[in-house]
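Residues per chain are reported as follows:
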Amino acid sequence: MPALVENTVSIELKTAKPTGLSITQLGVPVSESTSVKKGKLHELIQLLDDGRPGRRFQNIRITGVKTCEGGIESAKLFVQLEAFGDDNVPVANNSGFAVTPSETAKPLQALPVTTLFLPYARYWFESQSVFEIPLDVFDRMDSLNFTVLADQVRMI
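In this numbering scheme, every chain counts its residues from 1 along its sequence in written order. Selection of residues for local features in this predicted model requires a pLDDT of at least 70, selection of side-chain atom pairs for listing and counting requires 80 or more, and totals for whole chains, interfaces and linings are taken over all residues. In computing side-chain values, all of the structure's heavy atoms are included and hydrogens and water are not.

Caption draft 1: Just the overall build of the chain, in detail. Along its length, the chain carries two helices and 12 strands. Expected size for 156 residues packed as a compact globule is a radius of gyration near 15 Å; at 16 Å, the chain falls within 12% of this value. If you line up the chain on its principal axes, its C-alpha atoms span 50 × 30 × 25 Å. We call two residues in contact when some of their heavy atoms are within 4.5 Å. Put simply, 70% of the contacts in the chain that link residues at least 6 apart link residues at least 24 apart. The accessible surface values rely on the Shrake-Rupley method and a 1.4 Å probe; as for residues, cover is taken only from the protein chains in view. By element, 52% of the accessible surface of the chain is carried by carbon and sulfur atoms, the whole surface being about 8200 Å². Side-chain charges in the chain split into 15 positive and 18 negative, and the spacing between the mean points of these groups amounts to 3 Å. Helix numbering and strand numbering both begin at the N terminus, where a helix is a DSSP run of H or I of at least 4 residues and a strand a DSSP run of E of at least 2. This radius of gyration counts C-alpha atoms alone. The globule rule is 2.2 Å times how many residues there are, raised to the power 0.38. The charged-residue count follows a simple rule in which Lys and Arg add positive charge and Asp and Glu add negative charge, with His and chain termini not counted at all. Here the site of a charge means NZ on Lys, CZ on Arg, CG on Asp, or CD on Glu.

Here it is, written out as structure tokens:
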């Protein structure tokens, strides 16, 4: 049975201004203490075990936000992407992806695995996830490891 192969890429995060449409669309409460870190990867192709493309990811956008809401400071990590199912479907629920905030390539905290919104093959779908992270992880992170997980698939 064909399988998608696990692959990890590192996405650099840079300090950004707490303004703009992306921050507004995420509903971030902006104050003078709001901090933002952003990173982007244009494309990642997940290969099948025979070396052919099996799933495509585009416009992977990472937004880390530290802000105060209701008098409590918190940090969140938003992952937004588009995924294309190519000519295969997962045998069970798709394995999805995992993200790990890192500092100088050293993992800081593993976050829960997230399945993709990918109900059908041969079509682009947008996926969005949000993770609560500790304030010190936000302060220290300068990159994020984005891992597309192995998946058993059947060809269509």
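Caption draft 2: The arrangement of the environment of Phe117 in detail. You can see Phe117 is positioned in the loop between β9 (106-107) and β10 (124-133). Residues in contact with Phe117, not counting those within four places in the same chain, are Phe125, Glu126 and Ser127.

Caption draft 3: Inspection of the nonpolar core at higher detail. What we call a nonpolar core is a set of buried Ala, Val, Leu, Ile, Met, Phe, Trp, Tyr and Cys residues that are connected through their side-chain atoms within 4.5 Å. When accessible area is computed with a 1.4 Å probe and restricted to protein chains, residues below 20% of their type maximum are described as buried, those above 50% as exposed, and intermediate ones as partly exposed. Residues Phe57, Leu81 and Phe146 are the most contacted members of the largest nonpolar core, which totals 26 residues. For this core, the secondary-structure elements that each account for two or more residues are β5 (53-69), β6 (72-84), β8 (97-103), β10, α2 (135-140) and β11 (143-148). Here the element with the most residues in this core is β6; it accounts for five residues. In this structure Phe57 touches His42, Glu43, Leu44, Gln46, Leu81, Glu82, Ala83, Leu116, Phe146 and Val148, once residues within four positions along its chain are discounted. By size, the runner-up hydrophobic cluster in this structure holds six residues, among which are Ile23, Leu26, Val36 and Val65.

Everything listed is a geometric property; what it means functionally is a separate question.
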